[in-house]
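# A look at the structure
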Amino acid sequence: MDKPSVLVVDDNDATVTLVTALLQREFFVEPATDGAEAIEKLKTKQYAALLLDLRMPHLDGFGVLEFLEANHPAMLPRVLVVTAALGESDVARARAYGICDVVSKPFDIETLLAAVKQCVEPDDARPMGGFLSSGMILLLADVLRSRF
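A short tour of the structure in this document, coming up. (Residues numbered from 1 in each chain as written. Predicted model: local features only at pLDDT ≥ 70, side-chain atom pairs only at ≥ 80, totals over all residues. Heavy atoms only, no water.)

### What about the packing of aromatic side chains?
- According to the stated counting rule, one finds zero aromatic pairs in the structure shown.
- Positioned above the aromatic ring of phenylalanine 62 is the side chain of arginine 93, whose terminal nitrogen or guanidinium carbon lies 3.7 Å from the ring centre. (Phe/Tyr/Trp six-rings, centres within 6.5 Å; stacked < 30°, edge-to-face > 60°. Lys NZ or Arg CZ within 6 Å of the ring centre and 35° of its normal.)

### Considerations on the pattern of salt bridges
- Counted according to the given criterion, the structure contains 10 salt bridges.
- With a closest N to O distance of 2.6 Å, lysine 105 and aspartate 10 form a salt bridge. Residue lysine 105 is found in the loop between strand E5 (101–104) and helix H5 (109–120), and its partner aspartate 10 is found in the loop between strand E1 (5–9) and helix H1 (13–23); the two are separated by 95 residues along the sequence.
- Judged by its relative accessible area of 3%, aspartate 10 is buried.
- When the shortest N-O distance is used, the salt bridge between aspartate 90 and arginine 55 registers 3.5 Å. Note that aspartate 90 is positioned in helix H4 (residues 88–95) and arginine 55 in the loop between strand E3 (49–52) and helix H3 (61–71), a separation of 35 residues in sequence.
- A residue is classified by how much of its surface remains accessible, and arginine 55, at 46% relative accessible area, is partly exposed. (Salt bridge = Lys/Arg side-chain N within 4 Å of Asp/Glu carboxyl O. Helix = DSSP H or I, 4+ residues; strand = E, 2+ residues; numbered from the N terminus. Buried < 20%, exposed > 50% of the residue type's maximum accessible area, 1.4 Å probe, protein only.)

### Things to note about the nonpolar core
- Counting residues in hydrophobic clusters, the biggest one holds 24 residues, and the most contacted among them are Leu50, Leu52, Leu65 and Leu68.
- In terms of residue count, the dominant contributor to this core is H3 (five residues).
- Counting 21 residues, the second largest nonpolar core, distinct from the first, contains Val6, Val29, Leu112 and Cys119. (Core = buried A, V, L, I, M, F, W, Y, C linked by side-chain atoms within 4.5 Å.)

### Observations concerning the environment of valine 19
- Mapped onto the elements of the fold, valine 19 is located in helix H1.
- Distance in space between the C-alpha atoms of valine 19 and valine 8 is 7.9 Å, their sequence separation being 11 residues.
- Excluding anything up to four places from it in sequence, valine 19 contacts Val8, Leu51, Phe107 and Leu112. (Contact = heavy atoms within 4.5 Å.)

### With respect to H1
- Among the residues of H1, those classed as buried are Thr15, Val16, Val19 and Leu23. Taken around the axis of H1, the buried residues stretch over an arc of 95°, which confines them to a single face. Opposite the buried face of H1, by more than 90 degrees, sit the exposed residues Asp13, Ala14 and Thr17.
- Buried residues belonging to H1 abut E1, strand E2 (28–32), E3 and H5.
- The opening residue of H1, the one whose side-chain oxygen lies 2.9 Å from the backbone nitrogen of alanine 14, is asparagine 12. (Arc of directions from axis to C-beta. Polar contact = N/O pair within 3.5 Å; in protein donor to acceptor, adjacent residues only side chain to side chain.)

### Topic: the state of the cysteines
- For the coordinates displayed, the defined rule picks out one disulfide.
- Put simply, cysteine 100 and cysteine 119 are joined by a disulfide, and their sulfur atoms are 2.1 Å apart. In this structure, the disulfide formed by cysteine 100 and cysteine 119 twists by about -100° around the S-S bond and is classed as left-handed. Taken together, the positions of cysteine 100 in the loop between H4 and E5 and cysteine 119 in helix H5 put the pair 19 residues apart, joining distant regions of the chain.
- In this structure cysteine 100 comes out as buried when scored by relative accessible area, which is 17%. (Disulfide = S-S within 2.5 Å.)

### Some details on the environment of valine 91
- Mapped onto the elements, valine 91 comes out in helix H4.
- Ignoring any residue separated from it by four or fewer positions in sequence, one finds valine 91 in contact with Leu86 and Val102.

The following block contains the structure:
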């Protein structure tokens, strides 16, 4: 079975090296050094998750989030923002895109690994609520109950 691919977008080589070493047992890790490189990769390949720094030269993480919102909105719940020195307004702005989670640098290795696994979780392993709203499930249950 192939490993799920994860795109790590960060301009800090040490962070990319650490994250790659941490994830490579369970994931195929591809690096991108800035938002522009990430967008080029996102145009040609699908990823199980995207680890995204927000502060980068050229095109920052918010530029990548805007690209995803316009072109690949289904990818947004698989984005894990991994960044340093964010204010509450930046965190709220990132979360408004519907991302999976935010992990602050420096990060705890177990916390990061658990967060990545949560973001990568396959759609068929997620609770039904990801496909149907809880209200719809209750309605279906009532209909089935009344028919049988």
